[in-house]
Amino acid sequence: MTSPNRLCRIAYLLAVGTAVVLSTNALAQRNSETGIPGKQFMVARHTNRPPVIDGVFSPGEWAKAAPVHVDGNTPATAPGVVPNIGLPYLFPPDSPADSSFTIYTLYDDNNLYVAVDVTDDIVICDGPVPYLDDDAEIMIDGDRQPGDVHMALVCGPSNPNCPNPVVNNEGFKLTTSVCNQSLTDPSNNPSIVWESKAGLRPHGFVVEFRVPLDSINTIDTSWFSNLFPGSGFRRPQAGDTIGFNVAVGDDDNGGLSYLRTEPAPHTDSFTAWDGRSVGWYVFAERDWGNLYLAPHNH
Ligand SMILES: [Ca+2]
Ligand SMILES: [Ca+2]
Ligand SMILES: [Ca+2]
Ligand SMILES: [Ca+2]
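The structure contained in this document is the topic of the report that follows. On a predicted model such as this, the values are computed, not experimentally measured, just so you know.

## So, the coordination of the calcium ion (ligand 2)
Right, so step 1: Protein-derived coordination of the calcium ion (ligand 2) comes from Asp141 (OD), Asp143 (OD), Gln145 (O), Asp148 (OD), Glu170 (O) and Glu285 (OE), at a distance range of 2.2 to 2.4 Å.
Right, so step 2: Given 6 donor atoms and angles of 76 to 172° at the metal, the environment of the calcium ion (ligand 2) is assigned as octahedral.
Right, so step 3: Of note, the donors binding the calcium ion (ligand 2) are all from one chain and are spaced D-x1-D-x1-Q-x2-D-x21-E-x114-E.
Right, so step 4: Between the calcium ion (ligand 2) and the calcium ion (ligand 3), a separation of 4.4 Å is found, and both are coordinated by aspartate 143. With aspartate 143 in the loop between β5 (135-141) and α2 (148-154) and glutamate 285 in the loop between β11 (269-272) and β12 (289-293), the pair connects residues that are 142 residues apart, well separated along the chain.
Right, so step 5: Judged by relative accessible area, aspartate 143 falls into the buried class, the value being 7%.

This is the structure in structure tokens:
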């Protein structure tokens, strides 16, 4: 027969054991939470004084924005992930002076504005591929549903599994290099309208973007992400949260940058605000962060 004392002791051990298990779980959960992609969040404030898209970070121009600083010091987890996808010469930045950046966002009644202020100790533009030079890349997921960029790239007449082209404004990526070479992904949609301007500054460069809100659809019209797709067009409005990401490519050696196959003196890198390091896919809209369009006067 078990004595009351012994029962007490067992209960005590169970309680302690449970507490230990609980705290271990809590710790694991906290650790994994910081590693979950797609959770980064930033705020775009409304402005009546739009910034000038001239590649010059003028005093006061972005003062109303709530900036977010990104470096690659924790390359495995957001914020500041560096893809770990088997490219032998894609490295995390050596230091914030090697490659880091600050994101600024604002919007007005017709446009979203983004500035990426990049610190970079060796600035290179030798073409011809913009994303293999020093560059800034912004990603916008209006409908917060994945697959729009990817399906736009893979579908089309030559794909028997997906012969109809996918053309929408529900997900895209905009790239501008330090010497103002730009490209839009996907490239098949002329109604993704935007402008940008890059300019040098001491120890780095700045890229300013303007994206008309009418380039961004918040309605998911896609058969591949919605059993009952919506229709029509609704641009982002105050109070909305859209998918958003920013990445910076750092070419310090020229040529193919982080896609090169030979050693080189400096580290070439690519750092994104949000996303996953292992399994990184630049068009994984689900892994992009969140941009909240704060109501006016907030
Ligand atoms: Ca400016
Ligand atoms: Ca989307
Ligand atoms: Ca969609
Ligand atoms: Ca560089």
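Once the structure has been displayed, the description carries forward.
## Considerations on the pattern of salt bridges
Right, so step 1: Considering all chains together, one arrives at 7 salt bridges under this definition.
Right, so step 2: Its salt-bridge partner being aspartate 240, residue arginine 234 comes within 2.8 Å of it at the nearest N-O pair.
Right, so step 3: Residue classification places arginine 234 among the partly exposed residues on the basis of a relative accessible area of 28%.
Right, so step 4: Looking at aspartate 240, the relative accessible area reads 15%, which means it is buried.

## Comments concerning the state of the cysteines
Right, so step 1: For the structure on display, the rule yields 2 disulfides.
Right, so step 2: The side chain of cysteine 125 participates in a disulfide bridge whose partner is cysteine 179; the two sulfur atoms lie 1.6 Å from each other. Its S-S torsion of about 50° marks the bond between cysteine 125 and cysteine 179 as right-handed, since a negative value means left-handed. Placement of cysteine 125 in the loop between β4 (111-120) and β5 and of cysteine 179 in the loop between β6 (172-177) and β7 (182-185) is noted, with a sequence separation of 54 residues between them.
Right, so step 3: Cysteine 179 gets classed as partly exposed once you look at its relative accessible area, which sits at 32%.
Right, so step 4: The side chain of cysteine 155 participates in a disulfide bridge whose partner is cysteine 162; the two sulfur atoms lie 1.8 Å from each other. Across the disulfide from cysteine 155 to cysteine 162, rotation about the S-S bond amounts to roughly 85°, and the bridge is consequently right-handed. In terms of burial, cysteine 155 and cysteine 162 fall into one category: buried.
Right, so step 5: For the protein, the bonded cysteines pair up as 1-4, 2-3 when numbered in the order they occur along the sequence.

The rules behind these values
Residues numbered from 1 in each chain as written. Chains lettered and ligands numbered in written order. Predicted model: local features only at pLDDT ≥ 70, side-chain atom pairs only at ≥ 80, totals over all residues. Heavy atoms only, no water. Donors = N, O, S within 2.8 Å, 3.2 Å for Na, K, Ca; no water. Tetrahedral: all angles 85-135°; square planar, octahedral: opposite > 155°, others 65-115°. Helix = DSSP H or I, 4+ residues; strand = E, 2+ residues; numbered from the N terminus. Buried < 20%, exposed > 50% of the residue type's maximum accessible area, 1.4 Å probe, protein only. Salt bridge = Lys/Arg side-chain N within 4 Å of Asp/Glu carboxyl O. Disulfide = S-S within 2.5 Å.

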